[in-house]
Amino acid sequence: VTASDTSQQAREFRANALFNLAATSAQRAQDAPEAQGKQLAPDAIEKSKAFLAAFPQHPDGSKVQAMLAAMYQLTGDKAGITSTYAPLLANPAQYGDLALTQAGVTASQAGNHDDAAKLFAAALDQNPY
């Protein structure tokens, strides 16, 4: 309902709703037994992607990125994990230091250490403190 409303209040409401849908779906998948969690993860992936597509620069973006990576990990989709941080790696100047750091953690956990180093370096370039 709020997708076409450009007021700040509507955008905040929509961001909160999409975030909560993604977080609730991800938590449900993580709390379920493994086989059921794998079946529930695609819904959480879809909801996380919807949030990130609508609000790519949102302060909660790094949290959703981490949830998305966790859902891909739950399903065993290594290419999906890489896809969560690929846009940040390709154009780090468009993202904040926290998003870049989270992406670096995701890359490191996936065993993609060269990507992780590049993301951490980009985060340090933006915020050396």
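In the block above lies the structure referred to throughout.
These numbers come from a predicted model, not from an experiment.

## Comments concerning the layout of surface pockets
Line of reasoning, step 1. Roughly 400 Å³ of internal volume is contained in the largest pocket.
Line of reasoning, step 2. Residue lining of the largest pocket: 20 residues in total, with L52, P56, G61, L88 and Y95 positioned closest to the centre.
Line of reasoning, step 3. Element by element, the count of residues in the lining of the largest pocket is highest for helix α3 (residues 61–75), at 5 residues.

## Some remarks on the side chain of T84
Line of reasoning, step 1. Checked against the element boundaries, T84 lands in helix α4 (residues 78–90).
Line of reasoning, step 2. Within the structure, the side chain of T84 is placed 2.6 Å from the backbone oxygen of I81, a separation counted as a polar contact.

## Comments concerning the pattern of salt bridges
Line of reasoning, step 1. Using the criterion set out here, one finds 3 salt bridges in the structure.
Line of reasoning, step 2. Residue K38 is joined to E34 by a salt bridge in which the shortest nitrogen-to-oxygen separation is 3.8 Å. Taken as a pair, K38 and E34 lie in helix α2 (residues 34–54) at a separation of 4 residues, close to a single helical turn.
Line of reasoning, step 3. Ionic pairing is found between D60 and K63, a salt bridge with its closest N-O pair at 3.3 Å.
Line of reasoning, step 4. The exposure class of D60 is buried, given its relative accessible area of 18%.

## Digging into the nonpolar core
Looking at soluble globular proteins, one finds that nonpolar side chains tend to be buried together.
Line of reasoning, step 1. Of all hydrophobic cores here, the largest spans 19 residues; its most connected members are F51, M67 and M71.
Line of reasoning, step 2. At the level of elements, α1 (8–31), α2 and α3 are the ones that each hand at least two residues to this core.
Line of reasoning, step 3. At 6 residues, the largest contribution of residues to this core is made by α1.
Line of reasoning, step 4. Listed in part, the 11 residues of the second largest apolar core include Y95, A103, A122 and A123.

## Here we look at the side chain of S62
Line of reasoning, step 1. Along the polypeptide, S62 turns up in helix α3.
Line of reasoning, step 2. Residue S62 is classed as buried on the basis of its relative accessible area of 16%.
Line of reasoning, step 3. Residues contacting S62, with those up to four places away along its chain left out, are L98, A99 and Q102.

## Thoughts on α4
Line of reasoning, step 1. A rise of 1.5 Å per residue sets the reference length of α4, with its 13 residues, at 18 Å; its end C-alpha atoms lie 18 Å apart and thus fit the reference within 8%.
Line of reasoning, step 2. Considering bend angle alone, the principal kink of α4 is centred on T84 and spans about 40 degrees; proline P87 follows within four residues of it.
Line of reasoning, step 3. For α4, the set of buried residues is G80, I81, T84, Y85 and L88.
Line of reasoning, step 4. Against α3, α5 (97–109) and α6 (113–126) lie the buried residues of α4.
Line of reasoning, step 5. Two or three places before A79, at the start of α4, stands the capping residue D77, its side-chain oxygen 3.3 Å from that residue's backbone nitrogen.

## Observations regarding the packing of aromatic side chains
Line of reasoning, step 1. Per the stated rule, a full pass over the model turns up 2 aromatic pairs.
Line of reasoning, step 2. Seen in terms of ring centroids, F19 and F51 are 6.1 Å apart; in terms of plane orientation they differ by 70 degrees. Their pairing is edge-to-face. In this pair, F19 sits in helix α1 while F51 sits in helix α2, placing the two residues 32 residues apart along the sequence. You'll find F19 and F51 in the same group, each marked buried.
Line of reasoning, step 3. Residues F51 and F55 carry aromatic rings whose centres are separated by 5.9 Å and whose planes lie at 40 degrees to one another, so their mutual orientation is tilted. With respect to class, F51 is no different from F55; both count as buried.
Line of reasoning, step 4. Chaining the aromatic ring pairs together yields one cluster made of F19, F51 and F55.

Rules and cut-offs
- Residues numbered from 1 in each chain as written.
- Predicted model: local features only at pLDDT ≥ 70, side-chain atom pairs only at ≥ 80, totals over all residues.
- Heavy atoms only, no water.
- 1 Å grid on protein atoms, 1.4 Å probe; cavity = no way out; pocket = protein on both sides within 12 Å on 5 of 7 lines; lining within 4 Å.
- Points joined across faces, edges and corners; volume = space filled by probe spheres on them.
- Helix = DSSP H or I, 4+ residues; strand = E, 2+ residues; numbered from the N terminus.
- Polar contact = N/O pair within 3.5 Å; in protein donor to acceptor, adjacent residues only side chain to side chain.
- Salt bridge = Lys/Arg side-chain N within 4 Å of Asp/Glu carboxyl O.
- Buried < 20%, exposed > 50% of the residue type's maximum accessible area, 1.4 Å probe, protein only.
- Core = buried A, V, L, I, M, F, W, Y, C linked by side-chain atoms within 4.5 Å.
- Contact = heavy atoms within 4.5 Å.
- Expected span 1.5 Å × (residues − 1).
- Bend = angle between axes of the 7 residues up to and from the residue.
- Phe/Tyr/Trp six-rings, centres within 6.5 Å; stacked < 30°, edge-to-face > 60°.

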